[in-house]
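# Structural overview
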Amino acid sequence: MAAAPASSPVEFLLRRPQPRQRRRPPLAGAFFAPTGLSGAPLLRALASLAADLLGTPPPPSQRRNLDALMRRLALLSALLDSLLLLLADEGEDAFSDAANLCFRELYVVLFRADLLVSYVASAGRAWALLRAPQLAASFRDLDAELAVVLDVLPAASLRLSWDAAQYLDLLRARCRRRAPANYHDPSEAALGDRLLAALRDFELGQPPDPSTLRSLLLQIGISDAPSCRSEIEYLEEQILSQEDDADLPLIGGVVALLRYCLFSLFDPSNTKALRVWLSAGNRQRLLSWSCSDDSSFSVPKEFSCPISLDLMRDPVVVSTGQTYDRPSIIQWIEEGHSTCPNSGQALSDNRLVPNQALRSLISQWCGVHGFQFDSPESNEGMIECVAASCSSKAAIEANKATARILVKTLMEGSDNAKPVAAREIRLLAKTGKQNRAFIAELGAIPLLCRLLLSSDWMAQENAVTALLNLSIYEPNKTRIMEQEDCLHLIVSVLKNGWTTEAKENAAATLFSLSVVHDYKKKIMNEPGAVEELASMLTKGTPRGKKDAVMALFNLSTHPESSGRMLESSAVVALIESLRNDTVSEEAAGALALLMKQATIVHLVGSSETVITSLVGLMRRGTPKGKENAVSALYEICRRGGSTLVQRVARIPGLNTVIQNITLTGTKRAKKKASLIVKMCQRSQMPSALALGSTLTVVDHSLVGNSTLRRAASFGSGELSNPVSISVPVP
């Protein structure tokens with residue numbers, strides 16, 4: 001049997017509006033002093049930086065610490081101006097090396113101060129409350145750094161005026177005398193306590209009084225639906241940033257609380273900006289790593305893998321110093337190559353060192369162009385973070401309360417309110433088994449089904465995507481399939497959806513539902529379902545093709561699928577997809593499953609292009625892809641008769657590919673590769689003999705011992721060092 005495609009919900013969960021560029025925590029990382037500046041130019045750079053900070057509008061958070069910082073900066077600015085005047089009066093333009101060193105370190109401190117102020121200014125108000133202790137500690141550390149620089153500043157060598165000396169003494173005193181407790185603002189602490197108290201009310205199953213919540217939000221700085229939505233998005237961004245010391249359940253609880261407030265206190269359906277933003281977001285497609293339908297778009301050459309020519313997601317450096325995308329170079333090495341693809345030099349070892357600098361540049365480039373970039377290992381961590389943030393009792397209860405409001409809006413709301421409610425249900429159903437369970441239990445599925453008929457693109461798109469996210473929870477698959485006309489409506493969206501994303505997510509919903517064996521036949525029997533999946537596989541976007549081929553793969557596992565797939569042209573679509581690297585692995589697996597019917601076997605095997613594509617996939621595919629290709633080739637040989645067996649044996653390079661799979665393939669792939677060779681041995685192949693081709697089966701028990709390695713070969717009709725391999729036919 002062919003290897004199954006991954007049916008993890010991760011791919012569905014990552015279908016979200018594009019996150020804003022992640023902000024780094026303040027004071028994170030190392031900073032270097034400007035080495036090219038000294039004397040008066042250095043002082044002028046310091047004075048300019050201090051003046052810029054003093055001119056920054058004060059953000060609403062951390063007011064006590066910001067006010068104290070501005071007072072210090074005012075003194076520092078006066079000190080710098082005095083020094084510049086002194087230099088001008090005396091006609092000097094230089095300081096001692098010790099003084100220049102101190103001024104350079106002072107530049108670093110001011111640069112850190114600028115980062116900290118910018119971070120606080122851009123942070124969400126709720127986030128600033130939750131991170132108040134950490135932010136206060138950052139201001140305390142900044143004061144400590146400033147105090148150290150001022151203490152070691154060689155004041156005597158500077159020949160300060162009396163006014164400048166007074167500024168310096170006062171500045172030193174203010175940096176030293178502030179007690180740690182003074183960095184914490186009691187009013188902000190009290191506001192944070194009120195926020196935590198509201199979460200505790202939800203934990204007890206008692207939503208806070210609306211007037212209490214409204215008063216709390218107004219004091220935080222949230223006064224309407226746009227500001228509330230902005231806070232939610234900012235907190236979700238912080239969840240995805242995976243900071244080590246972040247309290248994810250607490251942040252998730254606040255997100256749930258704010259989402260409840262959005263619908264219980266405000267009227268988000270009146271937000272015109274939301275529909276404009278969603279309309280723009282609908283046209284912003286996720287970057288396809290394998291290909292792009294936009295021929296006008298080009299990836300910088302430096303960011304493309306020399307092997308695959310695609311944008312690198314996980315760049316690594318090999319021993320020759322060349323950089324490749326990890327999957328591509330691993331595949332190259334697994335195929336037996338021992339040289340660098342780019343330079344041709346021999347690889348001294350197979351170590352792969354992550355190229356963090358290039359990965360960072362690629363991530364920044366994707367952020368600038370509006371594309372999502374997540375390295376492979378970050379996806380799993382992202383899902384874990386999102387799941388952790390939804391795990392608190394407060395988050396669960398607040399989300400339940402929100403879901404009740406949203407379902408009621410779907411039932412009784414205005415035409416403007418229903419699309420917004422569907423979008424929020426879609427987002428709520430992205431994470432957490434509990435969310436998906438109680439949304440369905442509240443009766444959302446039949447109400448979402450009605451929106452599939454909507455003439456509003458936003459309502460339809462969010463409704464079908466909400467059904468997709470809900471279907472990840474196994475019991476909800478039954479609810480969707482048993483809902484009258486729901487399957488028919490999903491297929492209707494697949495065929496005639498208003499947006500590309502709606503059509504793609506309809507295909508993904510069919511893929512999710514087809515995981516259950518009992519529903520495969522029902523989906524195949526739904527008029528137009530298989531035909532539209534085949535059409536998307538042929539004409540869709542890269543993501544749409546992926547959704548369609550996975551759905552067709554699942555349907556192909558049903559024993560009665562062959563006839564339906566043949567009459568719907570799905571088999572032809574799968575054959576054509578063997579030439580598309582994005583979907584070739586799943587297409588090969590589906591064809592291997594479908595070739596139980598002789599008609600399909602001869603349709604697939606009649607083209608040498610198909611057989612060549614399968615052999616190519618055996619050569620360059622992933623372990624799963626190689627297994628699927630071997631399975632398809634095995635079915636062609638097993639059921640296609642001697643003519644097709646001979647056609648397979650004539651493929652150039654088959655011997656090398658078979659040997660490679662018998663050494664490095666999966667257990668199932670090794671067995672079927674051996675069986676392909678045995679079928680070729682039993683077949684008369686005069687054309688193959690004329691070409692002098694050979695096929696080899698390796699005794700795996702002897703691999704690794706070069707003195708005991710044996711092979712059963714054929715080519716001239718004689719066997720050399722025969723080894724009998726008995727493999728049961730599956």
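For clarity, every value in this text was computed on a predicted model and none was experimentally measured.

This part covers the overall build of the chain. Of the regular secondary structure elements, the chain holds 37 helices and five strands. Relative to its 730 residues, the chain shows a buried fraction of 52%. Put simply, the chain shows about 32,000 Å² of open surface, and 52% of that area lies on carbon and sulfur atoms.

Taking 1.5 Å of rise per residue, the twelve residues of helix H18 (residues 417-428) would be expected to cover 16 Å, and the 16 Å separating its terminal C-alpha atoms lies within 8% of that figure. In terms of residue burial, H18 counts as a mostly covered element, since eleven of its twelve residues are buried. For H18, the full list of buried residues reads Ala417, Pro419, Val420, Ala421, Ala422, Arg423, Glu424, Ile425, Arg426, Leu427 and Leu428.

Enumeration according to the criterion identifies zero disulfides in this entry. Unpaired in this structure, Cys228 has its nearest cysteine sulfur neighbour in Cys261, at a distance of 6.1 Å. The class for Cys228 is buried, based on a relative accessible area of 0%.

Moving on, we get to the packing of helix H24 (residues 500-513) against helix H27 (residues 542-556). Helix-helix packing is characterised by the crossing angle of the two axes and by the distance between the axes. At a minimum axis separation of 8 Å, H24 and H27 run at an interaxial angle of 20°. Judged by the inter-axis angle, H24 sits roughly parallel to H27. The two elements H24 and H27 cross, and the hand of that crossing is left-handed. Residues Glu501, Glu504, Asn505, Ala507, Ala508, Leu510 and Phe511 of H24 form the contact with H27, whose own contacting residues are Arg543, Gly544, Asp547, Ala548, Met550, Ala551 and Asn554. The class makeup of the residues in the contact of H24 with H27 is seven nonpolar, three polar and four charged.

So, on to the sheet that holds strand E1 (residues 315-317). The three strands are arranged E2-E1-E3 in an open sheet whose pairing can be described as antiparallel. Both outer strands of the open sheet, strand E2 (323-325) and strand E3 (353-354), are each paired with one neighbouring strand and no more. In the sheet, E1 pairs with E2 via three bridges, with the strands oriented antiparallel. Bridge pairing links Val317 to Thr323 in E2. Sheet contacts for helix H14 (residues 326-334): E1, E2 and E3; angle to E2, the most-contacted strand, approximately 95°.

Turning to its location among the elements, Ile600 is positioned in helix H31 (residues 598-605). Setting aside residues up to four positions removed in sequence, Ile600 forms contacts with Ser562, Leu566, Val571, Leu594 and Met595.

In this section: the nonpolar core. Counting 192 residues, the largest nonpolar core has Phe103, Leu448 and Leu633 as its most contacted members. Apart from the residues within four sequence positions on either side, Leu633 is in contact with Ile611, Leu614, Val615, Met618, Val648, Leu654 and Ile676. Within the second largest apolar cluster, 16 residues are counted, among which are Ile329, Cys340, Leu347 and Cys366.

This part is about the packing of aromatic side chains. Applying the stated criterion to the full structure yields two aromatic pairs. Considering the side-chain rings of Phe202 and Tyr260, the 5.2 Å spacing of their centres and the 80° angle between planes classify their relative orientation as edge-to-face. Of this pair, Phe202 sits in helix H9 (residues 186-203) while Tyr260 is found in helix H12 (residues 248-264), placing the two residues 58 residues apart along the sequence. As far as the burial class goes, Phe202 and Tyr260 line up, both buried.

Moving on, we come to the environment of Tyr324. By secondary structure assignment, the location of Tyr324 is in strand E2. Its relative accessible area of 0% is what places Tyr324 among the buried residues. Distance in space between the C-alpha atoms of Tyr324 and Pro341 is 9.3 Å, their sequence separation being 17 residues.

This next bit is on helix H22 (residues 474-482). Burial in H22 covers these residues: Asn476, Lys477, Ile480 and Met481. When H22 is viewed along its axis, its buried side chains cluster within an angular range of 135° and face the same direction. Tucked inside the fold, the buried residues of H22 contact helix H19 (433-441), helix H20 (444-451), helix H21 (457-471), helix H23 (486-496), H24 and helix H25 (517-525).

It is possible for side chains bearing opposite charge to pair when their charged atoms get close. For the structure on display, the rule yields 18 salt bridges. One salt bridge connects Arg259 with Glu236, and the closest N-O pair in it is separated by 2.8 Å. Note that Arg259 is positioned in helix H12 and Glu236 in helix H11 (residues 225-241), a separation of 23 residues in sequence. One salt bridge in this structure joins Glu397 and Lys393, with 3.5 Å as the shortest N-O distance.

The next point concerns the environment of Ser338. Here Ser338 lies in the loop between H14 and E3. Taking the C-alpha atoms as reference points, Ser338 and Asp349, eleven residues apart in sequence, are found 8.7 Å from one another. Among residues more than four places away in sequence, those in contact with Ser338 are Gln345, Ala346 and Leu347.

Moving on, we get to the packing of H9 against helix H17 (residues 393-412). Running from amino to carboxyl end, H9 crosses H17 at an angle of 75°, the nearest separation of the two axes being 8 Å. The orientation of H9 with respect to H17, classified from their angle, is roughly perpendicular. Touching Leu199, Phe202 and Glu203 of H9 are Lys393, Ala394, Glu397, Ala398 and Ala401, all from H17.

If you trace the backbone, Glu585 turns up in helix H30 (residues 584-594). Residue classification places Glu585 among the buried residues on the basis of a relative accessible area of 13%. When near neighbours in sequence (up to four residues on either side) are disregarded, Glu585 contacts Leu617, Gly621, Thr622, Lys624, Gly625 and Asn628.

With that out of the way, let us pick up unusual backbone geometry. A positive phi is found at Gln62, a non-glycine position, where the angle reads about 55°. Structurally, Gln62 is set in the loop between helix H2 (39-54) and helix H3 (63-90). A relative accessible area of 4% places Gln62 in the buried class. Even without glycine at this site, Ser569 takes up a positive phi of about 70°. With respect to the helices and strands, the residue Ser569 is situated in the loop between helix H28 (561-567) and helix H29 (570-577). Of the residues examined, Ser569 reaches a relative accessible area of 41% and is grouped as partly exposed.

On to the confidence of the model for the chain. A residue-level look at the chain finds 78% of positions with pLDDT of 70 or above and a mean pLDDT of 75. Note on residues 685-730: pLDDT is under 50 here. Beyond four places in sequence and across chains, it has 76 contacts.

Calculation criteria
Residues numbered from 1 in each chain as written. Predicted model: local features only at pLDDT ≥ 70, side-chain atom pairs only at ≥ 80, totals over all residues. Heavy atoms only, no water. Helix = DSSP H or I, 4+ residues; strand = E, 2+ residues; numbered from the N terminus. Buried < 20%, exposed > 50% of the residue type's maximum accessible area, 1.4 Å probe, protein only. Areas by Shrake-Rupley, 256 points an atom, 1.4 Å probe, with all protein chains shown as cover. Expected span 1.5 Å × (residues − 1). Disulfide = S-S within 2.5 Å. Axes fitted to C-alpha atoms, helices over the stretch in contact; angles between N-to-C directions. Parallel < 35°, antiparallel > 145°, perpendicular 65-115°, else oblique. Left-handed = near helix turned anticlockwise from the far one by under 90°. Contact = heavy atoms within 4.5 Å. Nonpolar A, V, L, I, M, F, W, Y, C, P; charged D, E, K, R; others polar. Pairing = 2+ DSSP bridges. Core = buried A, V, L, I, M, F, W, Y, C linked by side-chain atoms within 4.5 Å. Phe/Tyr/Trp six-rings, centres within 6.5 Å; stacked < 30°, edge-to-face > 60°. Arc of directions from axis to C-beta. Salt bridge = Lys/Arg side-chain N within 4 Å of Asp/Glu carboxyl O. pLDDT = per-residue confidence, 0-100.

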